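A look at the structure
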Amino acid sequence: MTGCLIFLHLSDIHFLKSKLGAPYDLDADLRSRLESDAASVAEQLGAPNAILISGDIAFGGEKTQYSEAKRWLDDGLCSAINGDPATV
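A brief report on the enclosed structure follows.

So, how was this worked out
Numbering of residues begins from 1 in every chain and follows the order in which that chain's sequence is written. Reporting in this predicted model follows two pLDDT cut-offs: at least 70 for local features of residues, and 80 or more for side-chain atom pairs to be given and counted; totals over whole chains, interfaces and linings ignore these cut-offs and use all residues. Values reported for side chains reflect all heavy atoms of the structure, with hydrogen atoms and water molecules removed beforehand. A helix here means a DSSP run of H or I that spans at least four residues, while a strand means a run of E at least two residues long, and both kinds are numbered starting from the N terminus. The contact criterion used throughout is that any non-hydrogen atoms of two residues lie within 4.5 Å. Every helix has an expected span of 1.5 Å times one less than the residues it contains. Bend, at a single residue, is the angle you get between axes fitted to the 7 residues ending at that residue and the 7 residues starting at it. When accessible area is computed with a 1.4 Å probe and restricted to protein chains, residues below 20% of their type maximum are described as buried, those above 50% as exposed, and intermediate ones as partly exposed. Two strands qualify as a pair provided DSSP detects at least 2 bridges between them. Note that patches include only residues with greater than 30% relative accessible area and no salt bridge, and the join distances are 9 Å for like charges and 5 Å for nonpolar side chains (Val, Leu, Ile, Met, Phe, Trp, Tyr). Note on areas: Shrake-Rupley with a 1.4 Å probe; residue coverage comes only from the protein chains shown. Salt bridges are defined by distance alone: a side-chain nitrogen of Lys or Arg within 4 Å of a carboxyl oxygen of Asp or Glu.

**Quick word on the environment of Asn49**
Along the chain, Asn49 falls in the loop between α1 (28–45) and β2 (50–54). In this structure, the C-alpha to C-alpha distance between Asn49 and Ile6, residues 43 residues apart in sequence, is 5.3 Å. Each residue touching Asn49, except ones within four places of it in the same chain, is listed here: Cys4, Leu5, Ile6 and Thr87.

Here you go:
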């Protein structure tokens, strides 16, 4: 799709370091579904020009929570849509 700007907007992702990858990570399915849905749309429209994150990124504002959110955004979401992590 040429001549269009495509944005992916996520809000209030509330990452919890203690839960990521743990056996009781209740949000693992949600993140997986977001990746799958975003990949499906990106396949139809192309990778977004930018990924916008608003609201709370980390549950408690801890540095490790932001680090885990960044890791998922870069390695999970951007990887799923063949996007550039620099566009987040």
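**Here's the deal with helix α2 (residues 63–81)**
Residues that lie three or four places apart on an α-helix share one face, since the helix turns once every 3.6 residues. Between its first and last C-alpha, α2 extends 26 Å over 19 residues, near the 27 Å set by a 1.5 Å rise per residue. Taken as a whole, α2 carries its principal kink of about 30 degrees at Leu73. Residues Gln65, Glu68, Ala69, Trp72, Leu73, Asp74, Gly76, Leu77, Cys78 and Ile81 constitute the buried set of α2. Where α2 is buried, its residues touch β1 (7–11), α1 and β2. With its phi angle positive at about 55 degrees, Asn82 sits one or two positions after the end of α2.

**So, the pairing of β1**
Only one face of β1 is buried, namely the one carrying Leu8 and Leu10, since none of Phe7, His9 and Ser11 on the opposite face is buried. Bridge count between β1 and β2: 5 bridges; the pairing is parallel. Bridge assignment links Leu8 to a residue of β2, and that residue is Ile51.

**Remarks on a nonpolar patch on the surface**
A grouping of Leu5, Phe7 and Leu52 is seen on the molecular surface, where their side chains present a nonpolar patch of about 320 Å² in accessible area. Its location among the elements puts Leu5 in the segment before β1. Judged by relative accessible area, which is 63%, Leu5 ranks as exposed.

Remember that the coordinates give geometry; whether it matters functionally is a separate question.
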